[in-house]
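Coordinate inspection notes
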Amino acid sequence: MHDDRDLVEARLKRVLDERIRPAIYPESVPLEVAVWHAPGEPVPVAEGLAAEPGPIAVGQAWGAPWGTSWFTVTGTVPMEWSGRIVEAILDLGFDENMPGFQCEGLVYRPDGTPVKGLNPRNQWVRVGSPAEGGERVRLHVEAASNPVILDYHPFLPTRMGDKETAGTDPLYRLARMDLAVFDQTVWELVMDLEVLGELMLELPVDGARRWELLRALERALDAVDLQDVGGTAAAARAELTGVLSSPAVPSAHRISAVGHAHIDSAWLWPLRETVRKVARTTSNMTALLEDEPDFVFAMSQAQQWAWVKEHRPEVWAKVTKAVAAGRFVPAGGMWVESDTNMPGSEAMARQFVHGKRFFIDEFGVDNEEVWLPDTFGFAAGLPQIIKAAGAKRLLTQKISWSQTNRFPHHTFLWEGIDGTRIFTHFPPVDTYNCSMRGRELAHAARNFKDKGVARHSLAPTGWGDGGGGTTREMVAKAARVRDLEGSPKVAWETPAEFFAKAEAEYPHPPVWVGELYLELHRGTLTSQAKTKQGNRRSEALLREAELWSATAAVRAGVDYPYERLDRIWKTVLLHQFHDILPGSSIAWVHREARRTYELVAEELNAIIGDAQDALAAGQATGLCFNGSPHARLGVPAGGAASARVRPATCTERAGGGYVLEGPLLRAEIDARGLVVSLRDLETGREAVAPGRAANLLQLHPDFPNKWDAWDVDAFYRNTVTDLTEADRVISDGGRVEIRRSFGSSTVTQWISLDEGRLDIETEVDWHETEKILKLAFPLDVRADRYASESQYGHVFRPTHTNTSWEAAKFEACNHRFVHVEEPGWGVALVTDSTYGHDVTRDVDGTGTTTTLRASLLRAPRFPDPETDQGVHRFRHGLVPNASIGDAVREGYFVNQPVRAGSGAAEVVEPLVAVDDDAVVVSAVKLADDRSGDVIVRCYESRGGRARATLRAGFPVAEVVTTDLLERPTGEPQRPGDGIPVTLRPFELVTLRMKRA
């Protein structure tokens, strides 16, 4: 037989595009349209419905950037359409390739009841099924004219990312506002042809099944009268019945389709627009659930559920009904789909506390799955947090984006720093926006790396990023490939159902140990410095606010600020979303975030001040409060006393510059303002590498190949400018001040000694673009690996690049410290606000040295063209002769400095104390259930084993271990003289103490 594949395939495409799809709506009449443009921000629904609209016609422009327009459409169903299916086609000017990324709408009935969302792949609203001729139709559309930020030529700088700079010119033109007859048979034929045509192209050319499909499709096309598609669609479908009923082979891959709409809580739109995106999507999904009995939809991010409850009670009623039926599934158990690299220990824990508690309180659902399809890599401390929250499974897709190495598994056990293992799945479909296309399903089956021992994978199905969700077309396609020869078998299932099957068939999956590092998006550890500083400082203030409020409640009977702390925690957790904290959102998002963090700091400082005033009895003295978990300057951890400070001296240095000397360290700063010597006086050891200088600012070009705010590509290192010229180097007697100028920017630094730490404060007035600024510390330490703090511990990374896996980690995340060490002697770099860093090795005639560099600032122009412009202040500390324990301690000190207070008391005893510094108390608070019980969370911080005694500064009736949600996990014990705590390496434990 002649090979006519190309001929038939081309015929199928043209006939579908030009004849059959247009015949889905064979008859239509125009609707009358009027519009009211809301001034400023969106208005309540009642106001939008009540507004007086003016005339507008199809083809006319509408929609200033970030505006809201209320369209009213009216019409009458023609009498001759009685008994037929009628839909309103409402095309706001959509580009079908951009669902979720441009204009959108939510349709309401005249009484304010939401009907469904409108987006480029979902433009229809069912009016009658069957319709009644003469019926009047009146619908209202709340339309958002969101600008396209990520366009066909991506990553171009744009001012559209903030309503203050986006202008007022309309962005869209009404394309179609009609009533139309919906031909169900033609639509079903389109689904048949698409499914079989897409499947055919994925099958081997030399296989019989491909040719069977080709001939069946050819017969179907022959059966279609192109001048009477509706009249011949049934006959064409009949030609496909045989090939559609042929079952899949027994070994076919199994795909659990989970209805999904990945909605970024902020990204190329502000938070307020996400509230509306969620309403549109949930309206669509509840409507689809009513129409499709097999369909199941899962939605994560408790914050988004809370928005629906608060802002759209009518939609919330539909959602809760669908949840009760088990078909609208709360997923993930986190407040938002957060970044997991940068949030601190307690913040990461509270993502689960607040997320899981919301789902438990609202629905009685305590799900065991963590749902993070789009997060930019996963810190190695996360598995035990997942377990401590009562979950045991993780789903993500993002690791498939890694640009250097292919991850070797799709289903595996992920082992964290403490040894906890979590059953983890990466969907081999390689997208969290699956649309049930044949090439997606075939890719999932071919790509699945665990063939031979497992055959189940998951496909998050629906338009996402900007929301939208699953469509009726996706459901129809899934029905056709439920059991179809040549295709994977597809079934709608909940995440829990998928994981149960995956675990049952794969009882001994492979193990991956350590962080799940994404070999991409490394620039997110540095972009938008003020957002990152706001997060770090909010976390530190929340720790103090809980600690001092709990102490004041127990000691002085002060009311504990439950509601305020709950609200502030949720605000901080929201801003840890994986495009806000990473700095990859539009300018509007980060402008609002900066203001939010200012308000958070103001309120938390007030809470802290009130608690400390109550503890100190209100009279001025030299009392100092230490909120860190280690004693400092004579002030106990979690307590208050007079601080004992040992000042350093500052003298002029021969040859220019200054010498700082204290009881533990001697530092030499040369005339360039560079640290040329930092000597540990206890051992006499020099920390700075021979012939090198620390505190060296380095400037690199930073123009990645794509994903500007997200990526820093390795070639940035090829070009570097050392900023060694100083405008001035002076001393005020206690510290050295250095000022430099470069490009359009200036830097001022202040160097001082703080006990065993060299402190460097850096203020940058930054006006560069597409550059990255680093702060370098070449150290006389030979280290094959280094430690970076992560949640509840630290992770080791190599300093060498033996393999491509090691070379790919050229930029990585730390929390409060990075530590390098030779046996018996190490150096730590601690920071109060930066996350990105790199570590390299150098070899010269004297041996191997190690250079630590903190990433300070970037200047990408997309999606925010003014990223990081302005004044920034950073604090770093270099700690010679530092063990891991010293690094932990100094990291806390630089983030949680001793706070000067007032009061008549000479000392405030800690509410809880631990007798081993290896055991770090990460939280002291009152129980969330308002019982008055004291909650203490602690962890082993050095990677070894610890036996400690925890002593409470109040009478304790009983103590019990709990999970993160403060639910008992052990039997209550009556404490004796202290509470014994035995911890394995990096183990986390939460104790609940009932007050006597």
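Let me sum up the structure you'll find in this document. Bear in mind the structure is a predicted one, so any value in this text is a computation, not a measurement.

Right, let's talk about the packing of helix 15 (residues 529-556) against helix 16 (residues 562-574) for a bit. Across the interface, helix 15 lies against helix 16 with an axial gap of 11 Å and an inter-helix angle of 160°. Between helix 15 and helix 16, the crossing angle belongs to the class labelled roughly antiparallel. Remark: the crossing between helix 15 and helix 16 carries left-handed chirality. Side by side, helix 15 and helix 16 meet where N535, S538, L542, A545 and E546 of the first sit next to L565, I568, W569 and V572 of the second. Taken together, the residues that form the contact of helix 15 with helix 16 break down as 6 nonpolar, 2 polar and 1 charged.

A separate point is the pattern of salt bridges. All told, the structure shown has 96 salt bridges when counted by the stated rule. In this structure, the salt-bridge partner of R272 is E41, at a minimum N-O distance of 2.8 Å. Note that R272 is positioned in helix 7 (residues 271-291) and E41 in the loop between strand 2 (32-38) and helix 2 (45-50), a separation of 231 residues in sequence. A cluster of three or more residues bridged by salt bridges with shared partners is formed by E41, E104, E142, K163, R272, E273, R276, K277, R280 and R312.

Now for the side chain of D465. When you line up the elements, D465 lands in the loop between strand 20 (456-461) and helix 13 (472-480). No salt bridge forms around the buried D465; measuring N to O, its nearest opposite-charge neighbour K398 is 6.6 Å away. In terms of polar contacts, D465 uses its side chain to reach the side chain of Y432, at 2.9 Å. Those residues in contact with D465 that lie beyond four places of it in its chain are F101, H262, I263, D264, W267, W269, D374, Y432 and N433.

An α-helix turns once per 3.6 residues; consequently, residues spaced three or four apart project the same way. Helix 13 sits mainly inside the fold: 7 of its 9 residues count as buried. Among the residues of helix 13, R472, M474, V475, A476, K477, A478 and R480 are the ones counted as buried.

The element strand 7 (residues 104-108) is extensively covered by neighbouring structure, given that 5 of its 5 residues are classed as buried. One ladder, built from 5 bridges, connects strand 7 with strand 10 (residues 136-145); its direction is antiparallel. Bridge pairing links E104 to A144 in strand 10. Across 4 bridges, the pairing between strand 7 and strand 8 (residues 114-118) is antiparallel. Bridging from a neighbouring strand, G105 pairs with L118 of strand 8. Linking strand 7 to strand 8, which pair antiparallel, is a turn of 5 residues; within it G112 sits at a positive phi near 90°.

So, about the pairing of strand 20. With 6 of 6 residues buried, strand 20 is to be regarded as a mostly interior element. Every second residue of strand 20 is oriented toward a common face, with H456, L458 and P460 on one face and S457, A459 and T461 on the other, all of them buried. Looking at chain direction, strand 13 (residues 254-259) and strand 20 are connected through 6 bridges and run parallel. Bridging from a neighbouring strand, A257 pairs with A459 of strand 20.

What follows is about the packing of aromatic side chains. The geometry of an aromatic ring pair is captured by two quantities: the separation of the ring centres and the angle between the planes. Across all of its chains, the model carries 37 aromatic pairs by this definition. The ring of W124 is capped by K116, whose NZ or CZ atom sits 4.4 Å from the centre of that ring. Lying across the ring of W269, K277 places its NZ or CZ 4.2 Å from the centre.

Definitions and limits used
Residues numbered from 1 in each chain as written. Predicted model: local features only at pLDDT ≥ 70, side-chain atom pairs only at ≥ 80, totals over all residues. Heavy atoms only, no water. Axes fitted to C-alpha atoms, helices over the stretch in contact; angles between N-to-C directions. Helix = DSSP H or I, 4+ residues; strand = E, 2+ residues; numbered from the N terminus. Parallel < 35°, antiparallel > 145°, perpendicular 65-115°, else oblique. Left-handed = near helix turned anticlockwise from the far one by under 90°. Contact = heavy atoms within 4.5 Å. Nonpolar A, V, L, I, M, F, W, Y, C, P; charged D, E, K, R; others polar. Salt bridge = Lys/Arg side-chain N within 4 Å of Asp/Glu carboxyl O. Buried < 20%, exposed > 50% of the residue type's maximum accessible area, 1.4 Å probe, protein only. Lys, Arg positive; Asp, Glu negative; His and termini not counted. Polar contact = N/O pair within 3.5 Å; in protein donor to acceptor, adjacent residues only side chain to side chain. Pairing = 2+ DSSP bridges. Phe/Tyr/Trp six-rings, centres within 6.5 Å; stacked < 30°, edge-to-face > 60°. Lys NZ or Arg CZ within 6 Å of the ring centre and 35° of its normal.

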